[in-house]
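Understanding the architecture of this molecule
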Amino acid sequence: LDIDAPVTIMVMSARTNVAARNAIRNSWARDFKHKVVFVVGKRHCEIPYKLQDPAKLCGWGPNVTLTESGMRDVLRSNAIAEKSIDRDLEREKGELSDLVLVDVIDS
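Here's a quick rundown of the structure. In this text the structure is predicted, and so the values were computed from the model without any measurement.

Here three strands make up an open sheet; going across it, the order is β1-β2-β3 and the pairing parallel. Edge positions in the open sheet fall to β1 (8–12) and β3 (99–106), since each of these has one partner strand only. Put simply, the sheet's adjacent strands are angled 35° from each other on average, direction ignored. Here strand β2 (residues 35–44) runs beside β3; their pairing, made up of six bridges, is parallel.

Shown next, in the form of structure tokens:
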């Protein structure tokens, strides 16, 4: 990260939005005269986004009706998917110099 750049534009991006980041990289950011970086949460919510309560940070949605073993299965499956996303983010960060992973939960 070039902190000596006179202006740095920071774009908040979800962990899974690589297509949107690439679209920005390949459009307006390509010839932009200032530094553009993408800020992404390093940690993920253990609950899949579609099952989260929008009123809570990383909490089960009010209409989720799963058995205890069903919840464990969902959490296990989500953890596997998130490990793959973690690897992809680390690869993207290594290949490009415009990704900043911050220690927050991306929800």
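It is worth spelling out the state of the cysteines at this point. For the structure shown, the criterion picks out one disulfide. A disulfide bridge connects Cys45 with Cys58, and the sulfur atoms are separated by 1.8 Å. On the S-S bond that ties Cys45 to Cys58, the torsion sits near 90°, and the link is right-handed. With a gap of 13 residues between them, Cys45 in the loop between β2 and α2 (68–95) and Cys58 in the loop between β2 and α2 connect regions that are remote in the sequence.

The next thing to look at is the pattern of salt bridges. Enumeration according to the criterion identifies nine salt bridges in this entry. A salt bridge links Asp98 to Arg25, with the shortest nitrogen-to-oxygen separation between them at 2.7 Å. Of this pair, Asp98 sits in the loop between α2 and β3 while Arg25 sits in helix α1 (residues 18–25), placing them 73 residues apart in sequence. Exposure class is identical for Asp98 and Arg25. Each is buried. Among the salt bridges present, the one from Arg91 reaches Asp88, with a minimum N-O distance of 3.0 Å. With a gap of three residues between them, Arg91 and Asp88 both fall in helix α2, about one helical turn apart. We classify Asp88 as partly exposed; its relative accessible area is 36%.

About the thresholds
Residues numbered from 1 in each chain as written. Predicted model: local features only at pLDDT ≥ 70, side-chain atom pairs only at ≥ 80, totals over all residues. Heavy atoms only, no water. Pairing = 2+ DSSP bridges. Helix = DSSP H or I, 4+ residues; strand = E, 2+ residues; numbered from the N terminus. Axes fitted to C-alpha atoms, helices over the stretch in contact; angles between N-to-C directions. Disulfide = S-S within 2.5 Å. Salt bridge = Lys/Arg side-chain N within 4 Å of Asp/Glu carboxyl O. Buried < 20%, exposed > 50% of the residue type's maximum accessible area, 1.4 Å probe, protein only.

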